[in-house]
Amino acid sequence: PTMAHSKALLVLENFIGGKFVPCSSYIDSYNPSTGDVYCRVPDSGKEEVEAAVKAAKDAFPIWSSKSPLERSQILNKLADLIEHDLEAFAQAESKDQGKTITFARTVDIPRAVHNFRFFASSILHHVTECTEMPTMGCVHYTSRAPVGVAGLISPWNLPLYLLTWKIAPAIACGNTVVAKPSEMTSVTAWMMCKLLEKAGVPPGVVNVVFGTGAKAGEALVCHPDVPLISFTGSTLTAQRITEKSAPHCKRLSLELGGKNPAIIFDDADLSQCIPTTVRSSFANQGEICLCTSRIFVQRGIYSEFLKSFVAEAKKWKTGNPSDPTIDVGALISKEHLEKVRNYVKRAQAEGARVLCGEGVDPLALPPVNQKGYFMLPTVIAEVKDESCCMQEEIFGPVTCVVAFDTEEEVIKRANGVKYGLAATVWSGNVGRVHRVAHRLQSGLVWTNCWLVRDLNLPFGGMKASGIGREGAKDSYEFFTEVKTITIKH
Ligand code: NAD
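Thresholds applied
- Residues numbered from 1 in each chain as written.
- Predicted model: local features only at pLDDT ≥ 70, side-chain atom pairs only at ≥ 80, totals over all residues.
- Heavy atoms only, no water.
- UniProt positions renumbered as here; feature names shortened; annotations may be inferred.
- Phe/Tyr/Trp six-rings, centres within 6.5 Å; stacked < 30°, edge-to-face > 60°.
- Helix = DSSP H or I, 4+ residues; strand = E, 2+ residues; numbered from the N terminus.
- Buried < 20%, exposed > 50% of the residue type's maximum accessible area, 1.4 Å probe, protein only.
- Domains from an automatic or database assignment.
- Contact = heavy atoms within 4.5 Å.
- Buried area = accessible area lost by both parts, 1.4 Å probe.
- Salt bridge = Lys/Arg side-chain N within 4 Å of Asp/Glu carboxyl O.
- Near = heavy atom within 4 Å.
- Polar contact = N/O pair within 3.5 Å; in protein donor to acceptor, adjacent residues only side chain to side chain.
- Areas by Shrake-Rupley, 256 points an atom, 1.4 Å probe, with all protein chains shown as cover.
- Arc of directions from axis to C-beta.
- Pairing = 2+ DSSP bridges.
- Axes fitted to C-alpha atoms, helices over the stretch in contact; angles between N-to-C directions.

The protein chain has the name 2-aminomuconic semialdehyde dehydrogenase in an unreviewed UniProt entry, where Certhia familiaris is given as its organism. One UniProt comment on the protein chain, placed under Function (unreviewed entry), says "Catalyzes the NAD-dependent oxidation of 2-aminomuconic semialdehyde of the kynurenine metabolic pathway in L-tryptophan degradation."

Written out as structure tokens, the structure is:
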């Protein structure tokens, strides 16, 4: 029944209780670089989620009673298996998402492998707390246990990377999971399911239900037997998840959008700053929650910066994502491309200057990509802080550059948005760097670099960018329930 459509289409199936199971209806999935439907994704709903939650509940007693070492060995095996198929995973991720094959090969899939290895290791090193009360004859200690069935919901921009960043800590801690990847990028999650049995993951420990947020996602969020939801996606969806889960008092981890500033002081090393800030603006087509989209440059170097920045941005080649020399691939969907283009139009209507990219430079694409969702890296200047382009998350290859005069002023302007995920500060003055970093409302501050991550440390956003943190200790705490035990002797 699943093959009613053309044989050429890839048809995915849900993975429930260690088995692939077909679904009664399917959604079309597009190849963003050609505009063709190439894959059909299960359109799961309550019924499928119910089956997956049941399988996860059934698997919990056995999985949660395994030792951390046993679970660690299985996670390492899974990491090895994904790494062994790295090229196939990278090809699939690039085709499904529109990202360049180079990015998928060097960032997405290696990081997915690393996520499993990292939590396979970190799970072995946690210790609990203990205090004594000698005068009372008491000793207190804490004990941590997995929570149960974890619901994991992930977005389309870094599909396997972000999904495994949740699956790895959840199962390392002894939980079982029901994961729902984005309906637009489901293929690599499905490929990973094929490796679970070989890695030694028992049936029911990892279940993947494919489908839309409104149907499959909400069914998971509303399920009474799923006590915790780890979500990465937009702020709007997070509000909906919070509302829907409220009657159940669920534990939520929310990793949301950003409107990340780069602050460039006049003593910055521009030879490092410019290529890095071009990368932080346009990597993965600007579709990373950590991408820079507001660049504040101190007035004395503003003109020089702008000239070199635009020249550098123009070096980024847009085109067929499977060509390893290409820097910018296709955006995720036709609708998203339209939305991103509209921001540029609105900026122009408000009197801002578009210095390169959309509507300014010609975009030459190979014949096969004519219907793909491409857009050139676009730099906008002279845009007001109140403009939607400076306030809202665009999530595409668009960045705004504006001038500032003083440290005090730039901190205020950088903090003047609803988001607070990541910021970068460029300066050679160590005192200033510390001062500014402390005052920025941002979960992450990078100085003289971007996207350098140590997974041990907390990751997450302030304000509308999220609730909770992920990382070695933080994910461990989220995915376990702590108990304080007191013994009197
Ligand atoms: P989205 O919120 O539209 O969707 C994310 C996931 O939630 C998808 O799997 C979707 O199907 C599901 N979903 C949608 N509606 C739902 C509902 N009502 N109930 C349950 N699930 C639902 O986000 P997106 O467009 O896929 O991703 C882009 C967003 O993700 C951007 O805002 C970006 O900044 C953010 N993001 C944040 C981080 C981070 O770590 N902070 C990382 C990557 C992306």
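Text resumes after the structure shown.
**Q** Could you give an account of the packing of aromatic side chains, naming the residues involved and the relevant values?
**A** The final tally for this structure, using the stated rule, is nine aromatic pairs. Each ring, one from W156 and one from F395, has its centre 5.3 Å from the other, and the planes form 75°; the classification is edge-to-face. Note that W156 is positioned in the loop between β8 (149–153) and α5 (159–172) and F395 in the loop between α12 (388–391) and β17 (398–404), a separation of 239 residues in sequence. Neither W156 nor F395 differs from the other in exposure class; each is buried. With 4.9 Å between their ring centres and 80° between their planes, F478 and F479 make a pair best called edge-to-face. Note on accessibility: F478 and F479 belong to one class, buried. Members of the aromatic cluster, each reached through a chain of ring pairs, are F15, F20 and W190.

**Q** Could you give me a rundown of the domain arrangement of the protein chain, with the residues and numbers involved?
**A** Each domain of the protein chain was delimited in the assignment, giving domain 1 (10–257 + 465–488) and domain 2 (261–447). The gap between the C-alpha centroids of domain 1 and domain 2 is 31 Å. Opposite the 25 residues of domain 1 that make contact, domain 2 presents 31 residues. Between domain 1 and domain 2 lies a buried interface of about 2000 Å² when both sides are counted; carbon and sulfur atoms form 59% of it. Taken together, the links from domain 1 to domain 2 amount to zero salt bridges.

**Q** Tell me about unusual backbone geometry, and please be specific about residues and values.
**A** Notably, N448 is not glycine yet its phi reads approximately 55°, a positive angle. Structurally, N448 is set in the loop between β20 (444–447) and β21 (462–463). A relative accessible area of 35% places N448 in the partly exposed class. We note that K463 has phi near 50°; this positive angle belongs to a residue other than glycine. Within the secondary structure, K463 is located in strand β21. A residue is classified by how much of its surface remains accessible, and K463, at 36% relative accessible area, is partly exposed.

**Q** Would you mind going over the site of the ligand in detail, with residue names and values included?
**A** In the vicinity of the ligand lie 30 residues, with S154, W156, T237, L256 and E393 positioned nearest. Between the ligand and the protein, one listed contact pairs a nitrogen atom with a side-chain N or O atom of E218 at 3.0 Å. Here an oxygen atom of the ligand sits 2.7 Å away from a polar atom, N or O, in the side chain of T237. Here the ligand loses 89% of its free accessible area of 850 Å² to cover by the protein chains. For the shell around the ligand, the elements supplying multiple residues, two or more each, are α7 (213–221), β11 (228–232) and α8 (235–245). Take the shell around the ligand: its biggest share by element is four residues, from α7. Built from parts of two domains, the shell around the ligand gets at least three residues from each of domain 1 (10–257 + 465–488) and domain 2 (261–447).

**Q** Go over helix α14 (residues 430–439), please, and point to the residues and values.
**A** Helical periodicity: at 3.6 residues per turn, an α-helix aligns residues three or four positions apart in one direction. For α14, the complete set of buried residues consists of R432, V433 and V436. Axial view of α14: buried residues confined to an arc of 100°, hence all on one face. Among the exposed residues of α14, those pointing more than 90 degrees away from its buried face are V430 and H438. Against β13 (260–264), α13 (407–414), β19 (422–426) and β20 lie the buried residues of α14. Looking at where α14 begins, the residue whose side-chain oxygen comes 3.0 Å from the main-chain nitrogen of G431 is N429.

**Q** Which residues make up the sheet that holds strand β23 (residues 480–488), and what values do they have?
**A** Within the open sheet, the three strands sit side by side as β6-β7-β23. Their pairing is antiparallel. Of all strands in the sheet, those bounded by a partner on one side alone are β6 (130–133) and β23. If you compare each strand with its neighbour and ignore which way they point, the axes differ by 25° on average. With four bridges joining them, β6 and strand β7 (residues 138–146) adopt antiparallel strand pairing. Bridging from a neighbouring strand, T131 pairs with H140 of β7.

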